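Now for the letters of each chain:
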Amino acid sequence: MVKTTHQITGLDTSHSQYTSLESASGFPLSFTQESLWLADKMSRQDGPAYNEPTAFRVTGKLHVEILKQAMHQIVERHDALRTGFIETSQGLRAVVHDQFLEFVDVFDLREADAQEANTRAEELVISSYRLPFDLTICPLLRAVIVLLPGDESIVALTIHHIVTDGWSIALILDEIRQHYQSLCLAGKPANLPAPVVRYAGYALKLRQDFERGAFNAGIGRWKEILKDGPELLRMPLDFPPPIGQTFNGSSCSLRVPGADLAALFDVCRLECRSTDFNVLLVAYAVLLNRYTGQDRIAIGTTVLNRSSEELLDIVGCFVNTVPLVLDIEEDMTFRELLTRAENISYQMLHHGDAPYIKVLASLDIAFDPSHNPIFQTMLTHLGERPTLDLGQGISCKPYPVRRVAAKYEVLIYVSEYDGQVEFEAEFNTDLFNTETIERMLRHYALLLTRLAVDIDAKISTVSFLSDDEKKLVLDIWNNTKLDYPASTVVDLFEERAAQYPSAIAVEFEGKSLTYDRLNRLANQVAHFLAQKQQASAPPFIGVYMERSLEMVVALLAIVKAGLAYVPIDPEYPAERINFMIEDAQLALILTHEQHQASLMSGEAEIVVLDSTQPRTEDDANFKRTLSPDSPVYMIYTSGSTGRPKGVVNRHVSLFNRLYWMQN
């Protein structure tokens, strides 16, 4: 147990708008903390979705005990890090403690093999990050220091989001710098002034402001913007979505030279007066529009929400969530879309402090356990990546920590470091695999690069595919050419009949025909049809039958005779049947005996087909002359938009289709 070295009640708040508080029963939570407490409860079984990791590979002589002291100073100075959260009869309460458990673990692997030591160090960092926090016990901060061979170390921090945000992490790292360097040089911590504000006072004032209606205008404005609600984002998924929302996740990242994106940022800043964040947001919305085909895209983000200067120097969770909704039209240019986004920026600047949890409550939307409301993806621009500086002779470089949980379907962090722009994606592994999100990041970076060529080009025409992907889509996937036999379906049938004469070819209602029997019956009818059909007549024969063995014989016989069939459903209205017979110029119609009377009023010859009474004795294969363009059948459209139209299919098309299905 570590005890603070200063009285937490001795803060000078005489000139502050935030009240100094003392309460044995604790303090109210901020609205963001309340949301995070509930979200932590929902996600805890899947993984540490709200554990925020940051780590560095340190090269140089590290004074471990001094670094531990520096970290202790941070927790002593900021009451948010000494806060636990409890459920009471008054609801959730935040309790600030004057003592805290030791939270720094040191592992000495200097005597181990270098490769084994690095592998073990990664395991220790991941293990610390993955371990859930007990939100009732402070500090909600863990540190791991792993000493490696050759004056190398890994320093990793994990902080629960309920007591920190991106700005706070930068503060923590900067104060570690000041204390570590002061302890090394002067033997004592840096003389930092006590914070003017306590987080508990901020949270109380926030709730008082809400009660007196200070956020009513902002909540009302967001309610107006979101009243129709954007549709659920329909991203192309790799896996079927679970019934309930899950938080299993992973992360991947992509770094691109800052110079590659500078052209777009510069032209948009000069010509559109747009911020880098607006450019990133609009480009991401364009990418989602192209991925989903949806023209209304909702993206979440966070605002700093530190409205006064005195809030800039304290650690705590101040950020507020903001839903940004952008309507996209296909023929818009990037410049036009940026202009439209200016209004979104206005809402962010003027109403970004409206508590998001209260905005959601005002919408009175039904809770759906399968996804986040309003938006399912976020984009956060972190700016310059926070760094750790432990003084001269020591190098600290970011050490990647792969996340194992996800707050949203996809959350993209954009940061700058060492002349590069890093895109880190945290994603739900129950919906996406890693390759999909890596490809998405590449597409996002390429889109940003190519938009710079002409911001007045239509966004629908700007490609985000790499040259290899274009070749894959246009050439390889589209190369469906296949050599297939110069034959017809009926030729294949006759080959099969010769190979397997005794095999069953067709069955219906307990009756069947072998290939040989079906072939012979069809040949007999084919010879008959060839004799009946005049050479100058249209090549079409009507088939007015229900599903039956005779119908199969009729269809096959017509095609064997080198003719084409027109199927006529006996259930059709009489007007449609008469139109089809007249339009197709049918001189001959094959039918069942029970339908003969209904067809006698026309001029076409009606032939009753009975499979037991073939029309000729010749059952040899008919010698026909067919070309690939010869018609095989004609079917009629429904006529819902006018008169029915006959559509002819030809042998080459039918053979191509059936050959593809079988091969």
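Here the structure is shown first, and the text comes after it.
About the thresholds
Residues numbered from 1 in each chain as written. Predicted model: local features only at pLDDT ≥ 70, side-chain atom pairs only at ≥ 80, totals over all residues. Heavy atoms only, no water. Buried < 20%, exposed > 50% of the residue type's maximum accessible area, 1.4 Å probe, protein only. Helix = DSSP H or I, 4+ residues; strand = E, 2+ residues; numbered from the N terminus. Arc of directions from axis to C-beta. Contact = heavy atoms within 4.5 Å. Pairing = 2+ DSSP bridges. Axes fitted to C-alpha atoms, helices over the stretch in contact; angles between N-to-C directions. Parallel < 35°, antiparallel > 145°, perpendicular 65-115°, else oblique. Left-handed = near helix turned anticlockwise from the far one by under 90°. Nonpolar A, V, L, I, M, F, W, Y, C, P; charged D, E, K, R; others polar. Polar contact = N/O pair within 3.5 Å; in protein donor to acceptor, adjacent residues only side chain to side chain. Phe/Tyr/Trp six-rings, centres within 6.5 Å; stacked < 30°, edge-to-face > 60°. Lys NZ or Arg CZ within 6 Å of the ring centre and 35° of its normal.

Asker: Break down helix H10 (residues 356-363) for me, with residues and values.
Answerer: Because the α-helix completes a turn every 3.6 residues, residues three or four places apart line up on one side. Among the residues of H10, Tyr356, Val359 and Leu363 are the ones counted as buried. Looking straight down H10, one finds its buried side chains confined to an arc of 55 degrees; they lie on one side. Contact partners of the buried residues in H10: helix H6 (216-226) and strand S11 (320-327). With its phi angle positive at about 55 degrees, Asp364 sits one or two positions after the end of H10.

Asker: Mind laying out the pairing of strand S16 (residues 504-508), listing which residues take part and the relevant values?
Answerer: Bridge count between S16 and strand S17 (residues 511-514): four bridges; the pairing is antiparallel. Residue pairing across strands places Phe508 opposite Lys511, the latter belonging to S17. Between the antiparallel neighbours S16 and S17 lie two residues, among them Glu509 with a positive phi of about 50 degrees.

Asker: Residues and numbers for the environment of Glu571, please.
Answerer: Inspection of the secondary structure assignment puts Glu571 in the loop between strand S19 (564-567) and helix H16 (574-583). With relative accessibility at 68%, the residue Glu571 sits in the exposed group. Here the alpha-carbon distance between Glu571 and Gln90, two residues 481 residues apart in the chain, equals 73 Å.

Asker: Any chance you could break down the packing of H6 against H10 for me, citing the residues and the numbers?
Answerer: Remark: H6 packs on H10, axes separated minimally by 9 Å, with the N-to-C direction vectors making an angle of 55 degrees. When the axes of H6 and H10 are compared, the pair comes out oblique. Helix-helix and strand crossings are classified by hand; for H6 and H10 the assignment is right-handed. Within the contact between the two elements, H6 uses Ile219, Trp222, Lys223 and Leu226 and H10 uses Lys358, Val359, Ser362 and Leu363. Residue classes in the contact of H6 with H10 are distributed as five nonpolar, one polar and two charged.

Asker: Which residues make up the side chain of Asn305, and what values do they have?
Answerer: Residue position: Asn305 is located in the loop between strand S10 (296-303) and S11. Under the relative-accessibility criterion, Asn305 is labelled buried at 17%. One polar contact links the side chain of Asn305 to the main-chain carbonyl oxygen of Phe318, over a distance of 3.0 Å.

Asker: Residue-level account of the packing of aromatic side chains, with values.
Answerer: Tallied over the full model, the rule gives 14 aromatic pairs. Seen from their ring centres, Phe655 and Tyr659 are 5.5 Å apart, and the 20 degrees between their planes marks the pair as stacked. Of this pair, Phe655 and Tyr659 both sit in helix H17 (residues 651-662), separated by four residues, roughly a single helical turn. Relative accessible area serves as the criterion here: at 21%, Tyr659 is assigned to the partly exposed category. An aromatic cluster is present here, built from Tyr199, Tyr202 and Phe318 joined pairwise through their rings. The residue whose ring lies beneath Lys407 is Tyr50, and the NZ or CZ to ring-centre distance is 5.7 Å. Sitting over the ring of Tyr572, Arg576 keeps its end group 4.5 Å from the ring centre.

Asker: Kindly report on the sheet that holds strand S7 (residues 141-148), identifying the contributing residues and their values.
Answerer: On the basis of which strands lie adjacent, the open sheet formed by five strands has the order S6-S7-S8-S2-S13 and mixed pairing. Whereas interior strands pair on both sides, the edge strands pair on one side only; in this sheet they are strand S6 (104-108) and strand S13 (395-398). Strand after strand, the sheet turns through a mean of 20 degrees between neighbouring axes, direction not considered. Relative to S13, strand S2 (residues 51-59) is paired through four bridges, and the arrangement is antiparallel. By the bridge assignment for S13, Val58 is matched with Cys396. In this fold helix H3 (residues 114-130) packs onto S2, S6, S7 and strand S8 (152-160), with an angle of close to 175 degrees to the strand it touches most, S7. Against the sheet, helix H4 (residues 166-186) touches S2 and S8, its axis set at about 140 degrees to S8.

Asker: Give me unusual backbone geometry: which residues, what numbers.
Answerer: Going from Cys138 to Pro139, the amide bond is cis rather than trans, its omega being 0 degrees. When you line up the elements, Pro139 lands in the loop between H3 and S7. Non-glycine residue Asp151 carries a positive phi angle of around 55 degrees. With respect to the secondary-structure elements, Asp151 resides in the loop between S7 and S8. Despite not being glycine, Glu509 shows a phi value in the positive range, around 50 degrees. You can see Glu509 is positioned in the loop between S16 and S17. Residue classification places Glu509 among the exposed residues on the basis of a relative accessible area of 71%.

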